[in-house]
There are 2 protein chains.
Amino acid sequence: MEGMDHLAHERNRTEFDVDAMKIVWAGSRHAFELSDRMARLVASDPAFRKDDRTRLGRKELFKNTLRKAAHAWKRILELRLTGPCVITEEEAGQLRNFMDEPSFTDLHWGMFVPAIKGQGTDEQQQKWLPLAYKMQIIGCYAQTELGHGSNVQGLETTATFDPDTDEFVIHSPTLTSSKWWPGGLGKISTHAIVYARLITNGQEHGVHGFIVQLRSLDDHMPLPGITIGDIGMKFGNGAYNTMDNGVLKFDHIRIPRNQMLMRVLQVTREGKCVQSNVPRQLIYGTMVFVRQTIVADASTALSRAVCIATRYSAVRRQFGSQDGGMETQVIDYKTQQSRLFPLLASAYAFRFVGEWLKWLYTDVTQRLQAKDFSTLPEAHACTAGLKSLTTAATADAIEECRKLCGGHGYLCASGLPELFAVYVPACTYEGDNVVLLLQVARFLMKTVSQLDSGKKPVGTTAYLGRVQDLLRCCCDVQRDEDWLKPGVVLEAFEARSTRMCVACAKNLSKFENPEDGFAELSADLVEAAVAHCQLIVVSKRKGEPDLTPATARGESDHHNKDEGFIDKLQQDIPGKGVKQQLQNLYYIYVLNLVHKYLGDFLSTGCITPKQASLANDQLRSLYSQIRPNAIALVDAFNYTDHYLGSVLGRSDGNVYPKLYEEAWKDPLNDSVVPDGYHEYVHPMLKQQLRNARL
Amino acid sequence: MEGMDHLAHERNRTEFDVDAMKIVWAGSRHAFELSDRMARLVASDPAFRKDDRTRLGRKELFKNTLRKAAHAWKRILELRLTGPCVITEEEAGQLRNFMDEPSFTDLHWGMFVPAIKGQGTDEQQQKWLPLAYKMQIIGCYAQTELGHGSNVQGLETTATFDPDTDEFVIHSPTLTSSKWWPGGLGKISTHAIVYARLITNGQEHGVHGFIVQLRSLDDHMPLPGITIGDIGMKFGNGAYNTMDNGVLKFDHIRIPRNQMLMRVLQVTREGKCVQSNVPRQLIYGTMVFVRQTIVADASTALSRAVCIATRYSAVRRQFGSQDGGMETQVIDYKTQQSRLFPLLASAYAFRFVGEWLKWLYTDVTQRLQAKDFSTLPEAHACTAGLKSLTTAATADAIEECRKLCGGHGYLCASGLPELFAVYVPACTYEGDNVVLLLQVARFLMKTVSQLDSGKKPVGTTAYLGRVQDLLRCCCDVQRDEDWLKPGVVLEAFEARSTRMCVACAKNLSKFENPEDGFAELSADLVEAAVAHCQLIVVSKRKGEPDLTPATARGESDHHNKDEGFIDKLQQDIPGKGVKQQLQNLYYIYVLNLVHKYLGDFLSTGCITPKQASLANDQLRSLYSQIRPNAIALVDAFNYTDHYLGSVLGRSDGNVYPKLYEEAWKDPLNDSVVPDGYHEYVHPMLKQQLRNARL
Ligand SMILES: Cc1cc2nc3c(=O)[nH]c(=O)nc-3n(C[C@H](O)[C@H](O)[C@H](O)COP(=O)(O)OP(=O)(O)OC[C@H]3O[C@@H](n4cnc5c(N)ncnc54)[C@H](O)[C@@H]3O)c2cc1C
Ligand SMILES: Cc1cc2nc3c(=O)[nH]c(=O)nc-3n(C[C@H](O)[C@H](O)[C@H](O)COP(=O)(O)OP(=O)(O)OC[C@H]3O[C@@H](n4cnc5c(N)ncnc54)[C@H](O)[C@@H]3O)c2cc1C
Ligand SMILES: [Ca+2]
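Under an unreviewed UniProt entry, the name given to chain A is Acyl-coenzyme A oxidase, and the organism recorded is Salix brachista. Turning to chain A, the UniProt annotation filed under Subcellular location (unreviewed entry) states: "Peroxisome". Regarding chain A, the UniProt comment filed under Sequence similarities (unreviewed entry) reads as follows: "Belongs to the acyl-CoA oxidase family."

Structure follows, in structure tokens:
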């Protein structure tokens, strides 16, 4: 059995070129080779073993993470100097990524460094970045407090300027002002970017970031006046408990004035606030960047879960055996397909919209440099919305994949419980999903309200410029194949979103106070925002040429990297059958949304019940077409067994013997008779409990 | 702060009699007092402390569970003999329930004992039950194997009769035939009901249950030829890891012939199979019973999650402060309400449908005794469907409640991660939810196909008898208040379910082979089954008098216990305002379903888009009416802080200081500088990694 490919019969059925699809998934040959190399490097290094994670107590688990982080850093340093190929920042990032263990380094590289880059002055960057790059200091991002997360403006920590000493006094005036959640803070970080209300000369000037040293660089003890700890266990077993999310209280801590991040606002020696000439809007650029990585991470997490559930569904057999033959693979049941294949399609859809967001970030950055802020609000709304859409869908999808594996999905050995537990906070951090959708809705309502005044909506809202057509149009579908026309699909999604937005705007206009209306109708507004965001995934393409001059320039450099799903289908794609598979996936994604959100489409009159039923027929036929390619489509993600971390998802399909082997590793199996038997169970069986001391 | 009620302002707003509602929730005054007494007994006993559960390693965790189980049993024995009131079976069950820690005793009492009762002959019951009642033996239920769960007929374990010795030989012929999952098996059970293929004289006779001793009653070692172990970590931290789900292999184990459970089928000394005069249908009665308890458990788990999220939503404030005043309680946001209040309503709805199922079980039992099997298939389909519906909704709802708590919901201290992790397998065990819905669909299709032949559908399918009316009828709603008429709502749900069933039947009839059609259309069939099951929750009432003679008799004894939600609204309910609240909850439950499944209602033409929009308006207004009563409505569940196990859900609302306190208990906070710092972090900071040995 060992060494045999139990999924060979599946792989033999494949109708397309898997290697070509791997390149499409990775984004380019370069990207494929890079991630392939790093994945193998991690998988082959026993120091990065992770299969024992759920069996460790918190302290062991954490210590183990410290070991891995140090080992990874060591490897990176070695490869940089001596390796066959010099390691790049991108490769170092991938190495950390394939380690697949949340740790303080994520926040150091992902938040601390970018915050200094984005908000620090040139001098501040020159001073702090080299220290951070060499990890001579380790930083975290301390914004959220016990009492405030979503409402950043409500943070209570104060930074009061003391002109006598030219220092800020950082202070936690209440219990609820304790910093709470920052990753890496609890046990490791030596420094933090602390967000606090700036007070000078008795006046408040809003919330700003400050670089604060937390611990001694000699003995790692918190500096005097600073209280720090870990905030305790989080969802799941290993999961995010490898991270030291922390609590932090300040008792009048003094830092030099030049440790306020002053790129946008400066405090002078006298304590006066001076706006710099750097546009405040810059921060939106950073948010587009961060959220783009979150969308990319969503497609990664989702594709891992889908890979596990798809492979196991081909291994698992249940019912339907005739005359003692093999039973039916559960992947052949239509209910299983209708739950699984839309998730497979979503993984691809999110992957491509993530790539498109990368392009958007480049575009926004180029515009910012040219002092063109016109597309920023739209880009900001769009990334906020996609962050919310993709993380919510991914969290649900991971759990659905777990259920698709039946009872065995509930074992940690399936990898799915931990994947879920470690993933779900993405729905909350970097902006609570509902709060973000409300921001999108606000932007949409503003856009709609300005349509009459002739202001032309840009980028992903451009379709709203065709509001009159979209309010009137009728769906052309007569037979189920009609649903396979990109124009038909796009129009239906555009019409749905437009009509929901316009209906909301109309209802809002009935309120005297628009804010009251917004509050009262907010649940409807969120639904309109979701419809808009789904349209983005369905339609994503580089903006209309007239609106996006920046793109036009960069276009030829991007090598397939800057495109949405629909663009991919509009061009030649190398590799036998690859385009056909992508088309099938695209329409599965789209038609499944039509089915799932049928109420929207019908209530706005965008399609008829008959057309809905044709969409369903088409969907079933697409499932049949995808079915023989399902295993190959998840093979195309190119995940190592190490990275997947799932016995059910093993590439060779050798599930049962390995599940059996895995069981015996549980600490409970260290002894045949369990600890506690003699004290508690034996007296029970022997009716001697009455007098026992328990 | 200590001792103060931070939710007093909320409780003062209550518009109804909470104590009266507690009785309604509990089912009767007797039930309330019983559960109240047991909950307090457990909460006040430090031996039942559970707040350290997520911080323990597997072995400690498990040993601790053994201690608690022994302590609980000791308490039960003591109370039985010396307590002020003699403890009943019901009370003992409640005590275990409020312990809130899955353990081997659940399977012993919940599966082992009922299996012997249901499938054992009188002699077998006389021999084994007293041993089990005194816990002189501990039993589990070993059905599922590594390779087979849903398809019980596919189990591979064999029980071969050996006429020479008058014994059965129990054997695991393959790796996949290993028993896998049974709770209590891994480390504790001395005995098991083992399901195996019966073979006598070389002939197969299907799968049957056998009582098999697994471990020595002296030293607890597995008997020769038996291999047993724990199957390893499961979802979550504490969660279900207090249970020793196990693996079991037999190498030709011999048991006496009289240890086959022979109530229905007997094997004679010669190895001949003889059907007894006990009807096979009996097993359906047991399934109705077990699934009824699962529906009851769903309302319990859901109400716990809702209680936590509701209280915390009233404590949590975010945004909306004007002039330095208090910020808005997040429970006042309409998005929060539209996510939370339908779950609150579902908790009540599931509670009442659970009570109705209790009645159904009594009814079925009485009919069985009178040899009336006519309602059994319907009762079976109905309970299978409700099991699926309520467990799926509850699992999703717990996670939604966690998200409603923002970042803090991700802490184990919120209680929600563990509640989710321990709850979700209910979607899989006792029948995978999708497999169950397919059974419901099969029953519905059969019922529809028999309509023409004049066979009158019974019980929860009785409405299908009015198929012609329901295919034709139009919804009468003109204004939003019209949605508050029970007749309107019922008709809409009946019409939806009927039309979906009839459409499926019509599509099925296009297939030559009905089984092919069923397979191809199974996703649609599952949706029809869901629509039918939702109708049950919405409509539940004791069957039409002519169909349910058994009820009519028992009616006056049942004291509110045997009624669905809608019946409650049809009668006087003691307590100021109680009925009004129940009405509001009922319509929130119903109208939220209309909104969520709008595609069904519109595509079948049961309601118009305009009526859908009126339903939405009505829903918003109901949210406003429920809002001031929200805290009191969750107080009515009468959960102790111990049982809730959530800092966010504390009854006194004193969340922040307690969260802060809780954090410091994490083992990581045992030392200021964490274990591993010196080996791994210090060298990193000091650039001394290159030569370090990691
Ligand atoms: C794993 C994890 C890691 C984290 N890492 C960091 C970190 O490194 N650094 C850091 O600073 N922070 C971190 N955080 C904190 C995180 O950023 C916040 O939890 C997040 O911003 C959500 O805020 P909150 O917790 O205050 O939620 P809340 O805002 O309290 O949300 C509670 C509920 O209120 C609702 N709500 C809130 N406002 C509104 C509104 N205006 N309208 C309608 N509904 C509303 C929400 O939708 C939600 O249902 C982390 C959190 C987690 C879970
Ligand atoms: C926590 C826990 C405790 C348990 N305790 C016990 C116990 O005490 N004793 C015991 O004997 N067992 C126990 N079990 C096992 C449990 O009963 C099974 O896991 C359950 O019956 C589901 O079966 P399965 O795992 O084989 O799922 P599978 O049937 O393998 O399901 C896998 C997928 O296939 C789909 N599928 C299967 N058949 C069909 C079909 N015909 N049509 C369409 N789709 C199909 C399912 O919907 C699912 O998506 C326990 C399980 C768990 C998780
Ligand atoms: Ca643990």
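1. Describing the overall build of chain A
For chain A, the helix and strand inventory stands at 25 helices and 11 strands. Against the 2.2 N^0.38 benchmark of 26 Å for 694 residues, chain A shows a C-alpha radius of gyration of 27 Å, consistent with a compact globule. Each of the three principal axes of chain A carries a C-alpha extent, and together these read 90 × 80 × 65 Å. When burial is assessed residue by residue, chain A has 64% of its 694 residues classed as buried. Counted over contacts in chain A with a minimum sequence separation of 6, partners at least 24 positions apart contribute 74%.

2. A few points about the site of ligand 1
Taken together, 31 residues surround ligand 1, and among them Thr144(A), Ser150(A), Asp432(A), Arg316(B) and Gln336(B) come closest. In this structure ligand 1 sits where residues from chains A and B come together. The separation between an oxygen atom of ligand 1 and a polar main-chain atom of Gly149(A) is 3.1 Å. Within the side chain of Gln318(B), an N or O atom sits 3.1 Å from an oxygen atom of ligand 1. In isolation ligand 1 offers 970 Å² of accessible surface; the protein chains occlude 93% of this area. Counting only elements with at least two residues in the shell around ligand 1, the list comes to helix H12 (433-449) of chain A together with helix H9 (334-369) and helix H10 (376-404) of chain B.

3. Brief notes about the UniProt feature "domain: Acyl-CoA oxidase/dehydrogenase middle" (unreviewed entry) in chain A
Here, UniProt's "domain: Acyl-CoA oxidase/dehydrogenase middle" (unreviewed entry) annotation points to residues 140-242 of chain A. Across residues 140-242 of chain A, helical content stands at 0% and strand content at 40%; the span's end C-alpha atoms are separated by 15 Å.

4. Some remarks on the coordination of the calcium ion (ligand 3)
Every protein donor of the calcium ion (ligand 3) is accounted for by Asn237(A) (OD1) and Asn237(B) (OD1), and the metal-donor separations fall at 2.7 Å. Here Asn237(A), found in the loop between strand S7 (226-230) and strand S8 (246-250), pairs with Asn237(B), found in the loop between strand S7 (226-230) and strand S8 (246-250), and the two come from separate chains. Each member of the pair, Asn237(A) together with Asn237(B), is buried.

5. Observations concerning the nonpolar core
Tyr348(A), Leu582(A), Ile607(A), Tyr348(B), Leu582(B) and Ile607(B) are the most contacted members of the largest nonpolar core, which has 405 residues in total. The contact partners of Tyr348(B), leaving out residues within four places of it in the chain, are Met21(B), Trp25(B), Phe565(B), Leu582(B), Leu585(B), Leu633(B), Ala636(B) and Phe637(B).

6. Digging into the relation of the copies chain A and chain B
Here chain A sits on chain B after a turn of 180° about the axis and a move of 0.0 Å along it, with an RMSD of 0.0 Å. Here the two chains are linked by the operation of a two-fold rotation axis. The overlap is high: 100% of the interface residues of chain A also sit at the interface in chain B, so the same surface is used on both sides.

7. Considering the site of ligand 2
As a matter of local geometry, ligand 2 sits amid 31 residues, with Arg316(A), Gln336(A), Thr144(B), Ser150(B) and Asp432(B) nearest to it. Nearby residues place ligand 2 at the junction of chains A and B. Gly407(A) is positioned such that a nitrogen or oxygen atom in its backbone is 2.8 Å from an oxygen atom of ligand 2. A distance of 3.1 Å separates an oxygen atom of ligand 2 from a polar atom in the backbone of Gly183(B). The protein chains hide 93% of the 970 Å² of surface that ligand 2 would expose on its own.

8. A word on the domain arrangement of chain A
Residue and element names in this part refer to chain A. By the assigned domains, chain A splits into domain 1 (136-278) and domain 2 (283-635). Computed over C-alpha atoms only, the centres of domain 1 and domain 2 are separated by 37 Å. Carbon and sulfur atoms make up 68% of the area that domain 1 and domain 2 hide from each other, which totals about 600 Å². Sorting the residues of domain 1 by area buried against domain 2 places Phe 235, Ala 239 and Tyr 240 first, and these three jointly supply 65% of that buried surface. Linking domain 1 with domain 2 are 0 salt bridges. Linking domain 1 to domain 2 there are 3 residue pairs in polar contact (both at pLDDT 80 or more). Looking at the side of domain 1 that touches domain 2 residue by residue, the classes come out as 3 nonpolar, 4 polar and no charged.

9. Details of the UniProt feature "domain: Acyl-CoA oxidase C-alpha1" (unreviewed entry) in chain A
Under the UniProt annotation, "domain: Acyl-CoA oxidase C-alpha1" (unreviewed entry) lies at residues 284-445 of chain A. Annotated as 73% helix and 0% strand, the span residues 284-445 of chain A places its first and last C-alpha atoms 20 Å apart.

10. Regarding the sheet that holds S8(A)
For sheets, the rule is that strands pair by backbone hydrogen bonds, running either parallel or antiparallel. Residue and element names in this part refer to chain A. With antiparallel pairing, the 3 strands of this open sheet are ordered in space as S4-S8-S7. The sheet is open, and its two borders are formed by strand S4 (179-180) and S7, each paired with just one other strand. Sheet topology places S4 next to S8; 2 bridges connect them, and they run antiparallel. Of the residues in S8, the one forming a bridge with Trp 180 is Val 247.

11. Thoughts on the environment of Met233(A)
Along the chain, the position of Met233(A) falls in the loop between S7 and S8. On the basis of relative accessibility, which here comes to 8%, the residue Met233(A) falls in the buried class. When neighbours within four sequence positions are excluded, Met233(A) is seen to be in contact with Arg58(A), Asn241(A), Thr54(B), Arg55(B), Asn237(B), Leu411(B), Cys412(B) and Asp666(B).

Calculation criteria
- Residues numbered from 1 in each chain as written.
- Chains lettered and ligands numbered in written order.
- Predicted model: local features only at pLDDT ≥ 70, side-chain atom pairs only at ≥ 80, totals over all residues.
- Heavy atoms only, no water.
- UniProt positions renumbered as here; feature names shortened; annotations may be inferred.
- Helix = DSSP H or I, 4+ residues; strand = E, 2+ residues; numbered from the N terminus.
- Rg over C-alpha atoms; globule rule 2.2 N^0.38 Å.
- Buried < 20%, exposed > 50% of the residue type's maximum accessible area, 1.4 Å probe, protein only.
- Contact = heavy atoms within 4.5 Å.
- Near = heavy atom within 4 Å.
- Polar contact = N/O pair within 3.5 Å; in protein donor to acceptor, adjacent residues only side chain to side chain.
- Areas by Shrake-Rupley, 256 points an atom, 1.4 Å probe, with all protein chains shown as cover.
- Donors = N, O, S within 2.8 Å, 3.2 Å for Na, K, Ca; no water.
- Core = buried A, V, L, I, M, F, W, Y, C linked by side-chain atoms within 4.5 Å.
- Least-squares fit on C-alpha atoms with pLDDT ≥ 70 in both.
- Domains from an automatic or database assignment.
- Buried area = accessible area lost by both parts, 1.4 Å probe.
- Salt bridge = Lys/Arg side-chain N within 4 Å of Asp/Glu carboxyl O.
- Nonpolar A, V, L, I, M, F, W, Y, C, P; charged D, E, K, R; others polar.
- Pairing = 2+ DSSP bridges.

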